[in-house]
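Residue-level structure breakdown
The chain contents come next:
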Amino acid sequence: MREIVADGGCLCGAVRYTVKGELLWSGYCHCESCRRQTSSPVACFFGVYEKDMMFHGESLAIYESSQGVERSFCKVCGSPISYVTRERPGEIELYTATLDFPERVAPTEHVHWHERLPWFCIKDNLPKHEGSATDDG
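Remember, predicted model here, so these are calculated numbers, not experimental data. (Residues numbered from 1 in each chain as written. Predicted model: local features only at pLDDT ≥ 70, side-chain atom pairs only at ≥ 80, totals over all residues. Heavy atoms only, no water.)

A few words on the sheet that holds strand β2 (residues 15–23). Read from one edge to the other, the open sheet built from three strands follows the order β1-β2-β5, with strand pairing classed as antiparallel. Both edges of this open sheet fall to β1 (2–9) and β5 (53–57), since each of them pairs with a single strand only. Taken pair by pair, the neighbouring strands of this sheet meet at an average axis angle of 5°, ignoring direction. The pairing of β2 with β5 spans five bridges and is classified as antiparallel. In the strand pairing of β5, T18 is matched with M54. (Pairing = 2+ DSSP bridges. Helix = DSSP H or I, 4+ residues; strand = E, 2+ residues; numbered from the N terminus. Axes fitted to C-alpha atoms, helices over the stretch in contact; angles between N-to-C directions.)

Now the structure itself:
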């Protein structure tokens, strides 16, 4: 894996974060839950260890979208910020579009491919997994 040093935050700037550590994965998620949280046909995440990042500013609102899954968002503007699951303790996944320079963390795979929307045209050759980023898929 490669090192990531980056800053990011929400739409209004009330929530900011800094990441400095190992980039565990980056990719597109096609699951229904991510689509609903972002109101978009696909979500884009990158994963890091929680110990390698720090939030600044306003505290985040947390929504438990399913048992063992917490999604965070800005209490002021509603921007989705992160995803944490007890299936991957110590890891946090952040929305790539919240980075100040999202072009520096390109997706390298698709996860939950079987849940993709059939009308969303995807023309890349990235690996496509049926499960999550850590599944054999």
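From this point, things continue past the structure.
Our next topic: the layout of surface pockets. Estimates place the volume of the largest pocket at around 350 Å³. Taken together, 25 residues form the lining of the largest pocket, with C31, V69, Y83, R88 and H112 sitting closest to its centre. Listed by contribution, the elements that provide at least two residues to the lining of the largest pocket are β3 (25–29), α1 (32–38), β6 (60–66), β7 (69–74) and β8 (80–85). Looking at the lining of the largest pocket element by element, the count peaks at three residues for α1. Each residue belonging to the lining of the largest pocket can be placed in one class, and the counts come to nine nonpolar, eight polar and eight charged. Looking at the second largest pocket, its volume works out to about 180 Å³. Every residue lining the second largest pocket is counted, 13 residues in all, and those nearest its centre are T38, P80, Y95, A97 and T98. (1 Å grid on protein atoms, 1.4 Å probe; cavity = no way out; pocket = protein on both sides within 12 Å on 5 of 7 lines; lining within 4 Å. Points joined across faces, edges and corners; volume = space filled by probe spheres on them. Nonpolar A, V, L, I, M, F, W, Y, C, P; charged D, E, K, R; others polar.)

One finds I4, Y17, V19, F46, V48, I81 and L94 to be the most contacted residues of the largest nonpolar core, which totals 19 residues. Counting only elements with at least two residues in this core, the list comes to β1, β2, β4 (43–49), β8 and β9 (91–95). Here this core gets four residues from one element, more than from any other, and that element is β2. (Core = buried A, V, L, I, M, F, W, Y, C linked by side-chain atoms within 4.5 Å. Buried < 20%, exposed > 50% of the residue type's maximum accessible area, 1.4 Å probe, protein only.)

What follows is about the sheet that holds β7. An order of β6-β7-β8-β9-β4-β3-β10 is seen for the seven strands of this open sheet, with the pairing classed as mixed. Each of the sheet's edge strands pairs with one partner strand only, and the pair in question is β6 and β10 (110–111). With six bridges joining them, β6 and β7 adopt antiparallel strand pairing. The residue of β7 that forms the bridge with E64 is E70.

All we've got here are geometric facts, nothing functional implied.
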